[in-house]
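# Coordinate inspection notes
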Amino acid sequence: MSQQDAFGAVISSLHDAALDGDLWPQASARIDAVCGMRSSGFVVARGCSRDDVDILFASLCEGGVRREDWEEDYFRDDYPHDERVPRLPQLPDSRLTPMTELYTEQERKTSAVYNGGMLRRGYQ
């Protein structure tokens, strides 16, 4: 499959997943394959701060399999302390952002969230 074909398959999967959240694991698997990743997540939320956020949809996947245990762990244990959360609303729309760009150099050395589940689960 050419790079253009792979990109087209990702876009098609994203369109399908936008209409049916149960199809997100398939889209995630295609994204992972194209980007050379082993896991990825997709979160849709509204609100301007951690205190007033409303999570509308969240799915964390590994190899195209939804990991609800990862979702529970993240939102229970990591989300309240995740340094990148306040930076997310400032990101430009429609731009992929490597996870490492969302943490400062110092945070990459000391953050329990970054050095815990993020690296262990292969988030990028």
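Note that the structure is predicted; figures quoted are calculated from it, not measured.

We now examine a nonpolar patch on the surface. The grouping of Phe-7, Ile-11 and Leu-14 at the surface amounts to a nonpolar patch, some 240 Å² of accessible area in total. Topologically, Phe-7 is positioned in helix H1 (residues 3–19).

Averaged over every residue, the pLDDT of the protein is 87; residues scoring 70 or more account for 99%. When pLDDT is averaged over each helix and strand of the protein, the minimum, 83, is found for strand E1 (residues 39–46) and the maximum, 95, for strand E3 (residues 65–66).

As a further point, take the side chain of Arg-84. Mapped onto the elements of the fold, Arg-84 is located in the loop between helix H3 (68–78) and helix H4 (105–110). At a separation of 2.7 Å, a polar atom in the side chain of Arg-84 contacts the side chain of Asp-82. Leaving out residues up to four positions away in the same chain, Arg-84 has contacts with Tyr-74, Met-99, Leu-102, Tyr-103 and Met-118.

Moving on to helix H2 (residues 24–35). Between its terminal C-alpha atoms H2 stretches 16 Å, which fits the 16 Å expected from 12 residues at 1.5 Å a residue. The complete set of buried residues in H2 reads Trp-24, Pro-25, Ala-27, Ser-28, Ile-31 and Asp-32. Seen along its axis, H2 keeps its buried residues to an arc of 155°; they face one direction. In H2, the exposed positions that point more than 90 degrees away from the buried face belong to Gln-26 and Ala-33. Check the buried side of H2 and you find it contacts H1, E1, strand E2 (54–62) and E3. Within two residues after H2, Gly-36 carries a phi angle of roughly 70°, on the positive side.

What follows deals with the sheet that holds E1. Reading across the sheet, the three strands line up as E1-E2-E3 and stay open at both edges, with antiparallel pairing between neighbours. For this open sheet the edge positions go to E1 and E3, each flanked by a neighbour on one side alone. Here two bridges tie E2 to E3, and the two strands are oriented antiparallel to one another. Paired with Glu-62 across the two strands is Val-65, which belongs to E3. Seen against the sheet, H3 touches E1, E2 and E3 and runs at an angle of roughly 130° to E2.

Each disulfide consists of a covalent bond between the sulfur atoms of two cysteine residues. According to the stated counting rule, one finds zero disulfides in the structure shown. The cysteine Cys-35 is free of any disulfide, with Cys-61 supplying the nearest cysteine sulfur at 14 Å. Take Cys-61: its relative accessible area is 0%, and that puts it in the buried class.

Counting residues in hydrophobic clusters, the biggest one holds 11 residues: Leu-60, Trp-70, Tyr-74, Tyr-79, Val-85, Met-99, Tyr-103, Val-113, Tyr-114, Met-118 and Tyr-123. When residues of this core are traced back to their parent elements, those giving at least two are H3 and helix H5 (112–120). Top contributing element to this core by residue count: H5, with three residues. Ignoring anything within four residues of it in the chain, the contact list for Tyr-74 reads Leu-60, Tyr-79, Pro-80, Asp-82, Arg-84, Val-85 and Met-118. If you look at the next biggest cluster of nonpolar residues, it comprises seven residues, including Val-10, Ile-31, Met-37 and Cys-61.

The rules behind each value
Residues numbered from 1 in each chain as written. Predicted model: local features only at pLDDT ≥ 70, side-chain atom pairs only at ≥ 80, totals over all residues. Heavy atoms only, no water. Patch = residues over 30% accessible without salt bridge, like charges linked within 9 Å, V, L, I, M, F, W, Y side chains within 5 Å. Areas by Shrake-Rupley, 256 points an atom, 1.4 Å probe, with all protein chains shown as cover. Salt bridge = Lys/Arg side-chain N within 4 Å of Asp/Glu carboxyl O. Helix = DSSP H or I, 4+ residues; strand = E, 2+ residues; numbered from the N terminus. pLDDT = per-residue confidence, 0-100. Polar contact = N/O pair within 3.5 Å; in protein donor to acceptor, adjacent residues only side chain to side chain. Contact = heavy atoms within 4.5 Å. Expected span 1.5 Å × (residues − 1). Buried < 20%, exposed > 50% of the residue type's maximum accessible area, 1.4 Å probe, protein only. Arc of directions from axis to C-beta. Pairing = 2+ DSSP bridges. Axes fitted to C-alpha atoms, helices over the stretch in contact; angles between N-to-C directions. Disulfide = S-S within 2.5 Å. Core = buried A, V, L, I, M, F, W, Y, C linked by side-chain atoms within 4.5 Å.

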